[in-house]
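# Geometric and topological summary
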Amino acid sequence: MKPRIFDAHCDTVFELQEQKKELNRNDLHLDLQRMEEYEGYIQVFAAFVDQKSICGTCMNHCIALLERMHREIEKNSKQITLIQTAEDLEEVIEKQKIGAVLSIEGGEALEGNLAALWMYYRLGVRLITLTWNHANEIADGITQSRGGGLTDFGRQAVAAMERMGILIDVSHLSVKGFWDVAEMTQYPFVASHSCVKALCPHPRNLDDDQIDLLISRRGGIGINFFPEFLTQRPDCIIQDILRHMEYILCRGGDETVGLGSDFDGVEALPADMTGVQDMGQVVQAMLDYGFTQNQVKNIRFENFRRIFHETMRRSM
Ligand SMILES: [Zn+2]
C-alpha cells in the first residue's frame, strides 16, 4: 500500500466538467482508481471560478461544479466520502478511504453577497481561495497591478468564514491582501498551492515574510507541483518539490509545509511524474532526501489534517 496522503488542492472537477470525463477512471492527473492504491487519501477538490473565462454568472458556474462533484461522490460512494465535519475526517482516516473536501477557487463565486457563504457552506464547501489571479469583490489577485488588499466586503467575508469554520486560502491573493488577512484573523489560514519565492521568483510564490507569518500562525503551505513555480530551469524534477519543502522546514515550518499538487490545474508536472499515482514516489523521495520520518508524515498528511480538523470543529 502507498502511504496516506492529504493534498490541499486540485482542479480535477473543472476538467471533468470541461472534458466530460468521470472521476472514477480518466486520463487526467487524478482518478479514484489510482487514489485507491493509497492507505487513505484526502483530496481538496476545488470548484474553479474565474470570471474572465466563464459565460453566465460566477455563482451559476460554481454551483454547477459543486453539483458535479456531489454527483460523482454519490455515484462512487463505496470509494469516496464527502468530508464536512471533523468527525467525517477522522472516520475516513480510520477506514482508510478516499475523502473529498470541497473548496471554491475564486471568491467571485459569492458575487459580493455574504448570504452566498451560507449556501456554499450547506453545499459542503470548507475552504475558499479568496481570489484567483484577477480582482474580485473580496480583494485583488496577484496579477492585478494596483495590488489592492481586502475590500470592505472582503473583510466581512473573511470574518464570516472564520466564524463559520470555512478555511481561508491566500494562494493567488495580492501581497497586500495576504497581510490584511493576517492582521484581521485569529485562526490558522493556508496557502493551499504556492511555493517559495526565494527559490523561484514567480509572483505566485510566497516571500520569506509570508512564509514566516504562516509558520508563526500554524497555518499551512501546500507545495504546488507546477514546474514554473518550482524552478527556472527547463528540466524540473521531483527533487525541485523537495527543495521548496526543505526551505520551509529550515525556517521552522515542520508543522506548516504540506502538499498542494494543483493536479489538473497545471499544464505540466515535473518530468518524472504524471499524476496521482506518483505521490508515493514523492513521499519516497522525501525520505531518500533525508527528511525525518516525522517530517515526512507531517508533510504528506498530518499538517493539513490538523488544520482542517480544527477549522471544521469550529463549524456551526
Ligand atoms: Zn490555483
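Within every chain, residues take consecutive numbers counted from 1 along the sequence as written. Residue-level local features of this predicted model are given only where pLDDT is at least 70; pairs of side-chain atoms are given and counted only at 80 or more, and the full residue set underlies all totals for whole chains, interfaces and linings. Heavy atoms from the whole structure form the basis of all side-chain values; hydrogens and water molecules are not counted.

Attention now moves to the overall build of the protein. A run of H or I in DSSP becomes a helix once it reaches four residues, and a run of E becomes a strand once it reaches two; helices and strands are each numbered from the N terminus. Summing up its helical and strand segments, the protein has 12 helices and 9 strands in all. Partly exposed residues are those whose accessible area sits between 20% and 50% of the maximum for their type, while under 20% is buried and over 50% is exposed, using a 1.4 Å probe and protein chains only. The buried share among the 316 residues of the protein stands at 62%. In what follows, a contact means two residues having at least one pair of non-hydrogen atoms within 4.5 Å. The contacts in the protein between residues at least 6 apart in sequence include a share of 71% that link residues at least 24 apart. Counting every atom, the protein has about 12100 Å² of accessible surface; 48% of that belongs to carbon and sulfur. Charge counting treats Lys and Arg as positive and Asp and Glu as negative, with His and both chain ends excluded. Note that the charge is assigned to NZ on lysines, CZ on arginines, CG on aspartates and CD on glutamates. Between the mean site of the 32 positive side-chain charges and the mean site of the 47 negative ones, the protein shows a separation of 4 Å. Only the protein chains shown count as cover for residues, with accessible areas throughout obtained via the Shrake-Rupley method and a probe of 1.4 Å.

Across the 6 residues of strand β1 (residues 5-10), 6 count as buried, placing the element largely inside the fold. The pairing criterion for strands is at least two bridges between them, as found by DSSP. Bridging between β1 and strand β2 (residues 41-48) involves 4 bridges; their strand directions are parallel. Residue C10 lies in a different strand from β2, and its bridge partner there is F45.

Once that is clear, we can look at the coordination of the zinc ion. Note on metal geometry: ideal angles are 109.5 degrees for four donors arranged tetrahedrally and 90 or 180 degrees for six donors arranged octahedrally. The coordination sphere of the zinc ion contains the protein donors E105 (OE), H172 (NE2) and H193 (NE2), at a distance range of 2.0 to 2.1 Å. Note: metal donors comprise N, O and S atoms at 2.8 Å or less from the metal (3.2 Å for Na, K and Ca); water molecules are not included, so apparent gaps in a site are possible. Sequence positions of the donors to the zinc ion reduce to the motif E-x66-H-x20-H. Residue E105 is located in strand β4 (residues 98-105), and its partner H193 is located in the loop between β7 (190-191) and α8 (208-216); the two are separated by 88 residues in the primary sequence. For the pair E105 and H193, one class covers both residues: buried.

At a closest axis distance of 11 Å, the pairing of helix α3 (residues 58-75) and helix α5 (residues 115-122) adopts a crossing angle of 15°. Looking at the two axes, α3 sits roughly parallel to α5. The way α3 lies across α5 gives a crossing that is right-handed. On the side of α3, the interface is formed by M59, C62, I63 and L66, while α5 contributes A116, M119 and Y120. For helices, the fitted line uses only the C-alpha atoms of the stretch in contact; every axis is such a line through C-alpha atoms, and the angle between N-to-C directions lies from 0 to 180 degrees. Our angle categories are set so that under 35 degrees counts as roughly parallel, over 145 as roughly antiparallel, 65 to 115 as roughly perpendicular, and the remainder as oblique. If you view the pair so one helix is near and one far, a crossing is left-handed when the near helix is turned anticlockwise from the far one by less than a right angle, and right-handed when it is turned clockwise.

With that settled, consider the pairing of strand β5 (residues 125-129). In terms of residue burial, β5 counts as a mostly covered element, since 5 of its 5 residues are buried. Where β4 and β5 come together, 4 bridges link them in parallel fashion. The residue of β5 that forms the bridge with I104 is I128. Note on handedness: a crossover is taken as right-handed if, strands pointing away from the viewer, the path from the first strand over the helix to the second is clockwise. Taken together, β4, α5 and β5 form a β-α-β motif whose crossover is right-handed. Note: β5 against strand β6 (residues 167-169), 3 bridges, orientation parallel. In the sheet register, I128 faces β6, and the bridge partner there is I168. Read from β5 through helix α6 (residues 152-164) to β6, the crossover connection turns out right-handed.

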